[in-house]
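Spelled out, the chains give:
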Amino acid sequence: MKRRGLDEVTREVAVAVKPMCVFTTHTPVPAGHDQFPLSMLRRVLTDYGDAYNQRAVEFCLDNVLNMTYLALDNSHYVNGVAKKHGEISRQMFGQYKVDSITNGVHAGTWISPQIRAVIDRHIAAWREDNASLRYALGIPRHELWAAHRAAKQDLVAWVNQRTGASLFSNAFTIGFARRATPYKRADLLFHDLQRLLALHRSAGPIQVVYGGKAHPRDGSGKDLIRQIFAQIAKLKGQLTVAYVEDYDIAAARRMVAGVDLWLNTPQPPLEASGTSGMKAAMNGVPQLSVLDGWWIEGCIENVTGWAIGDGNTGNGGGIDERAFDAESLYNKLETVILPMFYRDQDRYIDVMRHAIALNGSFFNTERMVDQYVRKAYFR
Ligand SMILES: *Cc1c(COP(=O)(O)O)cnc(C)c1O
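Everything quoted here is computed from the prediction, not taken from an experiment.

Asker: Looking at this structure, how should I read the packing of helix H9 (residues 193-202) against helix H14 (residues 321-343)?
Answerer: Contact geometry of H9 with H14 gives a least axis separation of 10 Å together with a crossing angle of 0°. Relative to H14, the element H9 lies roughly parallel. Two secondary-structure elements touch here, H9 through Arg 195, Leu 196, Leu 199 and Ser 202 and H14 through Glu 327, Tyr 330, Asn 331, Leu 333, Glu 334 and Leu 338. Here the contact of H9 with H14 is composed, by residue class, of 5 nonpolar, 2 polar and 3 charged.

Right, here's the structure in full:
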């Protein structure tokens, strides 16, 4: 505007800006789509002079500024953060073209020192070329297992010291950590405590490490944490569950590398992508998850991990979805995952290698940024 000597936001100005803007929508959850009343908008825009204030109303619908629609209207490229999320976003914003670029996580940051040492020995230049993590299939089983054991011992010692729990390094360890908010259903594992205890006794001992904070204004997220603490108390003496307070990136790095299984239980279709399972995969930690977000793309049953349910829930299927998903979770643990971990270790390590080779090589920021460059920034 300055260059052209304009002091008003004209239609032409908006049209000129659009080719320079890319919008990534991040979640179907309403709290992720900010809305502000026109009166607040006017107050804020006062500092920027009349140019915007005069036309503020044009960016509003019914005197409300919806940030998502503002971005949709003024961007030449819009994407969701996984294939499924692209689909859901197209349903939500029918009149806009929405592509998808699946999220990724930074390999150099998230692969633990223990696993990194093994990968360094067997795969050249994987940091500069994450796709070469595909060669993880050639890492000798015993080397990967030893590195995983070391990461696990590190986690167990750290959690025990921090929480006073008494986790063992030999027991099958499940990790669950992410923001505590209802759609992530952190308490699904505790849906039926008797069922959980029965499989713990019959199929092989399990222990669980939890982590996650609620947004300060998410009351139901905080309730969820209270719920989990109540369940932990009920299980005391029978099944060890540790809750790591103050979940942050440092805690996440230990957890995603040190557990034997990463668990995710979102309510479909609300998990736009999910990323912690990608962090685990890079460390050779397979995931057990509801088929939602990135896991629809990443799950090859018995090869990279396991699915909870059949991918058909989340559409109001008329069944008790929670009970259905919980039963599927228990069943998968009892009949597939625990028997493999305790009695067919080579096969379990094969799944670990495939998690790195198939998912670590793809669900990383290198591939993701490359797709943004080709599909969004320079197309
Ligand atoms: C990765 C990460 C998250 C996000 O986890 P999701 O699985 O995407 O929900 C949240 N908090 C921390 C500290 C993380 O490292």
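That shown, we press on.
Asker: For this particular structure, what's the right way to read the site of the ligand?
Answerer: As a structural note, the neighbourhood of the ligand is formed by Trp 110, Arg 178, Lys 184, Tyr 247, Asp 248, Ile 249, Ala 252, Gly 274, Thr 275, Ser 276 and Lys 279. At a separation of 2.6 Å, an oxygen atom of the ligand approaches a polar side-chain atom of Lys 279. Relative to its unbound accessible surface of 390 Å², the ligand loses 79% to contact with the protein. Broken down by secondary-structure element, the contributors of at least two residues to the shell around the ligand are helix H11 (249-258) and helix H12 (276-282). Here the residues of the shell around the ligand sort into 4 nonpolar, 3 polar and 4 charged.

Asker: Looking at this model, I keep getting lost on H9. Mind explaining?
Answerer: Every α-helix carries 3.6 residues per turn, so stepping three or four residues along brings you back to the same face. Those residues of H9 lying buried are Leu 193, Arg 195, Leu 196, Leu 197, Leu 199 and His 200. On its buried face, H9 sits against strand E7 (206-211), helix H10 (219-235) and H14. A side-chain oxygen of the first residue of H9 lies 3.2 Å from the backbone nitrogen of Gln 194; this N-cap is Asp 192. Immediately downstream of H9, the backbone of Gly 204 shows phi near 135°, a positive value.

Asker: Hey, could you run me through the sheet that holds strand E4 (residues 77-80) in this one?
Answerer: Paired through backbone hydrogen bonds, the strands of a sheet run either parallel or antiparallel to each other. Taken together, 3 strands build an open sheet; the order of strands is E1-E4-E5 and the sheet is parallel. Single-partner strands in this sheet number two, and they are strand E1 (22-24) and strand E5 (99-100). When E4 meets E5, the two strands line up parallel, connected through 2 bridges. Bridge pairing in E5 places Gly 80 opposite Ser 100.

Asker: Can you help me understand the side chain of Lys 279 in this one?
Answerer: By the secondary structure assignment, Lys 279 is in helix H12. Buried within the structure, Lys 279 lacks any salt-bridge partner; its nearest side chain of opposite charge belongs to Asp 248, at an N-O separation of 10 Å. Discounting chain neighbours no more than four positions away, the residues touching Lys 279 are Val 105, Trp 110 and Val 256.

Asker: Sorry if this is basic, but what is going on with the domain arrangement of the protein here?
Answerer: A common way to report how large an interface is uses the accessible area buried once the components associate. Annotation of the protein at the domain level lists domain 1 (11-100) and domain 2 (107-363). For domain 1 and domain 2, the distance between their C-alpha centroids amounts to 35 Å. Domain 1 puts 10 residues into the contact, and the matching count from domain 2 is 10 residues. Across the domain 1/domain 2 interface, buried area totals approximately 700 Å², and carbon plus sulfur atoms make up 73% of it. Looking only at domain 1, the three residues that lose the most surface to domain 2 are Pro 28, Val 29 and Lys 84, adding up to 48% of its buried area. Taken together, the connections running from domain 1 to domain 2 amount to 0 salt bridges. Viewed at the interface, domain 2 and domain 1 are joined by 1 residue pair in polar contact (both at pLDDT 80 or more). Looking at the side of domain 1 that touches domain 2 residue by residue, the classes come out as 5 nonpolar, 3 polar and 2 charged.

Here is what the cut-offs are and how they apply
Residues numbered from 1 in each chain as written. Predicted model: local features only at pLDDT ≥ 70, side-chain atom pairs only at ≥ 80, totals over all residues. Heavy atoms only, no water. Axes fitted to C-alpha atoms, helices over the stretch in contact; angles between N-to-C directions. Helix = DSSP H or I, 4+ residues; strand = E, 2+ residues; numbered from the N terminus. Parallel < 35°, antiparallel > 145°, perpendicular 65-115°, else oblique. Contact = heavy atoms within 4.5 Å. Nonpolar A, V, L, I, M, F, W, Y, C, P; charged D, E, K, R; others polar. Near = heavy atom within 4 Å. Polar contact = N/O pair within 3.5 Å; in protein donor to acceptor, adjacent residues only side chain to side chain. Areas by Shrake-Rupley, 256 points an atom, 1.4 Å probe, with all protein chains shown as cover. Buried < 20%, exposed > 50% of the residue type's maximum accessible area, 1.4 Å probe, protein only. Pairing = 2+ DSSP bridges. Lys, Arg positive; Asp, Glu negative; His and termini not counted. Salt bridge = Lys/Arg side-chain N within 4 Å of Asp/Glu carboxyl O. Domains from an automatic or database assignment. Buried area = accessible area lost by both parts, 1.4 Å probe.

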